[in-house]
Amino acid sequence: MAEVEAVQLKEEGNRHFQLQDYKAATNSYSQALKLTKDKALLATLYRNRAACGLKTSYVQAASDASRAIDINSSDIKALYRRCQALEHLGKLDQAFKDVQRCATLEPRNQNFQEMLRRLNTSIQEKLRVQFSTDSRVQKMFEILLDENSEADKREKAANNLIVLGREEAGAEKIFQNNGVALLLQLLDTKKPELVLAAVRTLSGMCSGHQARATVILHAVRIDRICSLMAVENEEMSLAVCNLLQAIIDSLSGEDKREHRGKEEALVLDTKKDLKQITSHLLDMLVSKKVSGQGRDQALNLLNKNVPRKDLAIHDNSRTIYVVDNGLRKILKVVGQVPDLPSCLPLTDNTRMLASILINKLYDDLRCDPERDHFRKICEEYITGKFDPQDMDKNLNAIQTVSGILQGPFDLGNQLLGLKGVMEMMVALCGSERETDQLVAVEALIHASTKLSRATFIITNGVSLLKQIYKTTKNEKIKIRTLVGLCKLGSAGGTDYGLRQFAEGSTEKLAKQCRKWLCNMSIDTRTRRWAVEGLAYLTLDADVKDDFVQDVPALQAMFELAKTSDKTILYSVATTLVNCTNSYDVKEVIPELVQLAKFSKQHVPEEHPKDKKDFIDMRVKRLLKAGVISALACMVKADSAILTDQTKELLARVFLALCDNPKDRGTIVAQGGGKALIPLALEGTDVGKVKAAHALAKIAAVSNPDIAFPGERVYEVVRPLVRLLDTQRDGLQNYEALLGLTNLSGRSDKLRQKIFKERALPDIENYMFENHDQLRQAATECMCNMVLHKEVQERFLADGNDRLKLVVLLCGEDDDKVQNAAAGALAMLTAAHKKLCLKMTQVTTQWLEILQRLCLHDQLSVQHRGLVIAYNLLAADAELAKKLVESELLEILTVVGKQEPDEKKAEVVQTARECLIKCMDYGFIKPVS
């Protein structure tokens, strides 16, 4: 009964549908659905109700059509109706799939074909609009400038805009679509996250495009950029600093990008803009409105962009401009005393950055008149500060001298000789005000850097320092006076016979320094001085041995190295160099020692604890205490305080730590491999070589994917290739070859990088080397390199002896060289038949060498020899005949008849394959 009623309701619904009463029709179909369980009827009812839905609700239509399709997947009417509903709902890709199915079931139906064409056009247009950069840019700005936008949407839009700005096409689209004006609107919102997004986008847009950078600089204005950099927010200050650096790089042509088309044709005079930027940065140095962070970033930019990067460039006009217009401003920063109320906002790094800038400017001067002019400005500034009525001004004068002594030391020494400077330092030492004593003691410490000056201080200043040390109750002053005494106590350097103080005094000073270093209640700036003291005292072997055994003191120093105070970097690096004995030691020639003793001259003495066993033990303790994480953190310091000299010290420490192969896994695990890469690419020549050598040691024994993850591994290649220079010592050459061998075995992309760095000629040179290990390492490296297509092409080229060298190396007595050379030859002959024929022409000894390889005692060499034999047999019938007529056939038969055990399986199998190849040619026949 229910089924009959359901059919009647269906008919009723159909009548309502024909009368266009879709609501009534829907009700009839819905009632019928409740009464039947017949699948065919259910499908019809859902399909019919879907037709009603196309007139009333597209969502309902799509849902009902889907139910009909679930019952019968080939229901063409239901598919077409769902397609129509989905099209109206904007789900074009799903609608396209449905109509595609319809067209497959009824290929001749013109309605389906027309629908397919229409949907295809609509989808293409939608994709074009959706993915066009113009609409994306517009959409991002709408979201960012709409105050009602959701926070996560705004964040996503900001990140997308930054990424788009970094791509050339994206940056140009933003620029062409009024993007600069819209970015200025974002800056006007004063909301930190939006301002930051705008600054970072502008930074990307300026990179590598001079014209765009000029427009942005003029639109945003340099004064506004500097005011943004002057804020207290460190993240904002750094982002604006990066923007200014991108502008400077583009204007000065430092971006190193290739320009094409219109950009190349533009010739802009950028000197005026660059001068304006420099002028504003100098003004920032002395403005009270500028935060400590902002001042640091201004100093970083001046440090990076004013002095010449290469002294071979004649033009130092930027330095001359800064000396004339800004040296007094820099001196004002150097002379700031943090405890005085008149002090500018500073960070722990500000004064050191200013000292480094003075040093760089002084080094960048070309002649004596320029240096005299520089000195006169400093002298006038300092003597102009001396005022009997105003002690604070005197304090600024001495603080300025102290800062210059941390920069160009020779200039500082000259300034110490100015009338009243030393007297003022002594007077300040005797002052009752603690600030005066602090400044004076620091100045005395910096004044005693050189042995000659230290001797003067020893006679005049030691008693003064001792007096202050005994009388003061202020820990800050106590530590500084102690460092002064440490410095004077280490004036003899590593020379055990030139101790300045009585036996045991140095150890007492060091113990006190370690005690202060571990005292967390003392402020960071003061504890830094304890490290400064240890930097001098650890020249003494007893002190460094005690220090590495004091794990809390070591870890306290490492934690200090990770803080935002970067002025400590040099002291920590120096201390570690002393502890690992990684400083340069002059070779002692016995004959000269005898001569010196005879003439009663002083002979440097080595401390018993500076012998190798003690050094190895100290390295082990440093690694255990976590030195690598501290070094990795120090290398990341994005500051001018991380000078090339400091980088060299860090490279020396890394090299000493990498000495033992067993320790290299620990170094890699703690991030040492990644940290070494920047040290090998930037810094002093000595530092880059030391870091590259440490990289070679790691690359030789580590899995490159773990030691240098991701794209970093490609950066390792260049430093290693530079170590192949004949000016480097044999050990550096050898370990660089081992490292390159390991890298070239990883992937063809790495082999291509090694090839592009022009390493091939150097590797070939070392294959000629008389030294067995160097020749072996070079041959092993070549064995991996021959897998690369471009290297194979070099072997194929006419007019070179590359293949001859490899063939002759296969005949060497050294098993390892033979193994590597045979491997290279096996791969070359497998890759190119031409090389098989060429091999027989390069030397008359080729057959004798091949036979020796096939009879070799070492299975790996024998296997490679048999592979070469197979390649030659497979290459050419005439060549194969020549080989069969020689003794090689007998060798192959003997080897092929052996019973293959586990070790010999490959060898026997290859020999049998050679014999099968001979049978294929018909040169030999099988014996039944």
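Residues numbered from 1 in each chain as written. Predicted model: local features only at pLDDT ≥ 70, side-chain atom pairs only at ≥ 80, totals over all residues. Heavy atoms only, no water.

## As for the overall build of the protein chain
- Looking only at helices and strands, the protein chain has 55 helices and zero strands in total.
- Taken against the 2.2 N^0.38 rule, which gives 30 Å for 928 residues, the C-alpha radius of gyration of the protein chain at 39 Å runs more than 25% over that of a compact globule.
- Considered along the principal axes of its C-alpha atoms, the protein chain spans approximately 120 × 90 × 60 Å.
- Split into buried and exposed, the 928 residues of the protein chain put 53% on the buried side. (Helix = DSSP H or I, 4+ residues; strand = E, 2+ residues; numbered from the N terminus. Rg over C-alpha atoms; globule rule 2.2 N^0.38 Å. Buried < 20%, exposed > 50% of the residue type's maximum accessible area, 1.4 Å probe, protein only.)

## Considerations on the environment of leucine 485
- With respect to the element layout, leucine 485 can be found in helix α28 (residues 475-489).
- In this structure leucine 485 comes out as buried when scored by relative accessible area, which is 5%.

## Some thoughts on the packing of aromatic side chains
- Under the defined criterion, the tally for this structure stands at four aromatic pairs.
- Seen in terms of ring centroids, phenylalanine 17 and tyrosine 22 are 5.3 Å apart; in terms of plane orientation they differ by 65°. Their pairing is edge-to-face.
- Look at phenylalanine 17 and you get partly exposed, because its relative accessible area is 27%.
- Accessibility expressed as a relative area gives 18% for tyrosine 22, which makes it buried.
- Ring centres of tyrosine 921 and phenylalanine 923 lie 5.3 Å apart, and the angle between their planes is 25°; this geometry places the pair in the stacked category.
- Residue phenylalanine 923 is classed as partly exposed on the basis of its relative accessible area, which comes to 29%. (Phe/Tyr/Trp six-rings, centres within 6.5 Å; stacked < 30°, edge-to-face > 60°.)

## Focus: the state of the cysteines
- Under the counting rule described, the total for this entry stands at zero disulfides.
- Of all cysteine sulfurs in the structure, the one in cysteine 513 sits closest to cysteine 518, which takes part in no disulfide; the separation is 11 Å.
- Classification of cysteine 518 by relative accessible area gives partly exposed; the value is 29%. (Disulfide = S-S within 2.5 Å.)

## Remarks on the nonpolar core
- The biggest cluster of nonpolar side chains holds 259 residues, and the ones touching the most others in it are Phe374, Leu517 and Leu631.
- Examining the composition of this core, we find that ten residues originate from one element, helix α15 (residues 234-252), more than from any other.
- Contact partners of leucine 631, with chain neighbours within four places excluded, come to Leu576, Leu650, Val653, Phe654 and Leu657.
- Counting residues in each nonpolar core, the second largest holds 29 residues, with Cys102, Ala103, Leu116 and Ile123 among its members. (Core = buried A, V, L, I, M, F, W, Y, C linked by side-chain atoms within 4.5 Å. Contact = heavy atoms within 4.5 Å.)

## Examining the pattern of salt bridges
- A complete count under the given rule lists 39 salt bridges for this structure.
- One salt bridge connects glutamate 11 with lysine 10, and the closest N-O pair in it is separated by 3.8 Å.
- In this structure, lysine 612 engages aspartate 659 in a salt bridge whose closest nitrogen and oxygen atoms are separated by 3.5 Å. Of this pair, lysine 612 sits in helix α35 (residues 612-625) while aspartate 659 sits in the loop between α37 (644-657) and α38 (664-669), and the two are 47 residues apart along the sequence. (Salt bridge = Lys/Arg side-chain N within 4 Å of Asp/Glu carboxyl O.)

## Observations regarding the packing of helix α54 (residues 888-897) against helix α55 (residues 905-921)
- At a closest axis distance of 8 Å, the pairing of α54 and α55 adopts a crossing angle of 130°. Viewed along their axes, α54 and α55 adopt a mutual orientation that is oblique. For α54 against α55, the interelement crossing comes out left-handed. Together, Leu889, Leu892, Thr893, Val895 and Gly896 of α54 and Val907, Val908, Ala911, Arg912, Cys914 and Leu915 of α55 make up the contact between the two elements.
- For the contact of α54 with α55, the residue count by class is eight nonpolar, two polar and one charged. (Axes fitted to C-alpha atoms, helices over the stretch in contact; angles between N-to-C directions. Parallel < 35°, antiparallel > 145°, perpendicular 65-115°, else oblique. Left-handed = near helix turned anticlockwise from the far one by under 90°. Nonpolar A, V, L, I, M, F, W, Y, C, P; charged D, E, K, R; others polar.)

## Quick look at the confidence of the model for the protein chain
- Here the protein chain shows a mean pLDDT of 85. Residues at 70 or above account for 91%.
- Within the model, the stretch residues 450-454 combines pLDDT values under 50 with ten contacts to residues more than four positions away or in other chains. (pLDDT = per-residue confidence, 0-100.)

## Focus on helix α24 (residues 421-429)
- Of all the positions in α24, only Val421, Met422, Met424, Met425, Leu428 and Cys429 are classed as buried. Projection of α24 onto a plane perpendicular to its axis shows the buried side chains occupying an angular sector of 160°, all on one side. (Arc of directions from axis to C-beta.)

## Brief notes about the side chain of serine 582
- Relative to the assigned elements, serine 582 resides in the loop between α33 (569-580) and α34 (590-598).
- Residue classification places serine 582 among the buried residues on the basis of a relative accessible area of 11%.
- When near neighbours in sequence (up to four residues on either side) are disregarded, serine 582 contacts Val577, Arg652, Val653 and Ala656.

## Some points on a positive patch on the surface
- On the surface, a cluster of positive charge is made up of Lys304, Lys309, Arg318 and Lys360.
- As for its position among the elements, lysine 309 is in the loop between α18 (292-305) and α19 (317-334).
- Residue lysine 309 is classed as exposed on the basis of its relative accessible area of 58%. (Patch = residues over 30% accessible without salt bridge, like charges linked within 9 Å, V, L, I, M, F, W, Y side chains within 5 Å. Areas by Shrake-Rupley, 256 points an atom, 1.4 Å probe, with all protein chains shown as cover. Lys, Arg positive; Asp, Glu negative; His and termini not counted. Charge placed at Lys NZ, Arg CZ, Asp CG, Glu CD.)

## Thoughts on unusual backbone geometry
- Its identity as a non-glycine residue notwithstanding, lysine 190 has a phi of 65°, on the positive side.
- Its place among the elements puts lysine 190 in the loop between α11 (179-188) and α12 (192-206).
- For arginine 221, which is not glycine, the phi dihedral falls at a positive 75°.
- For arginine 221, the position within the fold is in the loop between α13 (210-220) and α14 (222-229).
- When its relative accessible area of 42% is taken as the criterion, arginine 221 is described as partly exposed.

## Quick word on the packing of α15 against helix α17 (residues 271-285)
- α17 packs onto α15 with a crossing angle of 150° between their chain directions and a minimal axis gap of 10 Å. Viewed along their axes, α15 and α17 adopt a mutual orientation that is roughly antiparallel. As α15 runs across α17, the sense of the crossing is left-handed. Only Asp273, Leu274, Ile277 and Leu281 of α17 make contact with α15, whose side of the interface consists of Leu244, Ile247, Ile248, Leu251 and Ser252.

## Points about the environment of glycine 430
- With respect to the helices and strands, the residue glycine 430 is situated in the loop between α24 and α25 (434-447).
- Classification of glycine 430 by relative accessible area gives exposed; the value is 62%.
- Taking the C-alpha atoms as reference points, glycine 430 and glutamine 467, 37 residues apart in sequence, are found 9.5 Å from one another.

## Thoughts on helix α36 (residues 627-635)
- Burial of α36 is extensive: seven of the nine residues sit out of reach of the surface.
- Considered for burial, the residues of α36 that qualify are Val627, Ile628, Ala630, Leu631, Ala632, Met634 and Val635.
- For α36, the secondary structure elements touched by its buried residues are α32 (551-561), α33, α35, α37, α38 and α39 (672-681).

## Remarks on a nonpolar patch on the surface
- Residues Tyr58, Val59 and Leu89 make up a contiguous nonpolar surface patch of roughly 250 Å² in combined accessible area.
- Following the sequence through the fold, valine 59 ends up in helix α4 (residues 58-71).
- A relative accessible area of 57% means that valine 59 is categorised as exposed.

## Some details on the environment of leucine 42
- With respect to the helices and strands, the residue leucine 42 is situated in helix α3 (residues 39-56).
- Here the alpha-carbon distance between leucine 42 and aspartate 98, two residues 56 residues apart in the chain, equals 21 Å.
- Residues within four places of leucine 42 in sequence aside, it is in contact with Leu33, Thr36, Lys37 and Ile71.

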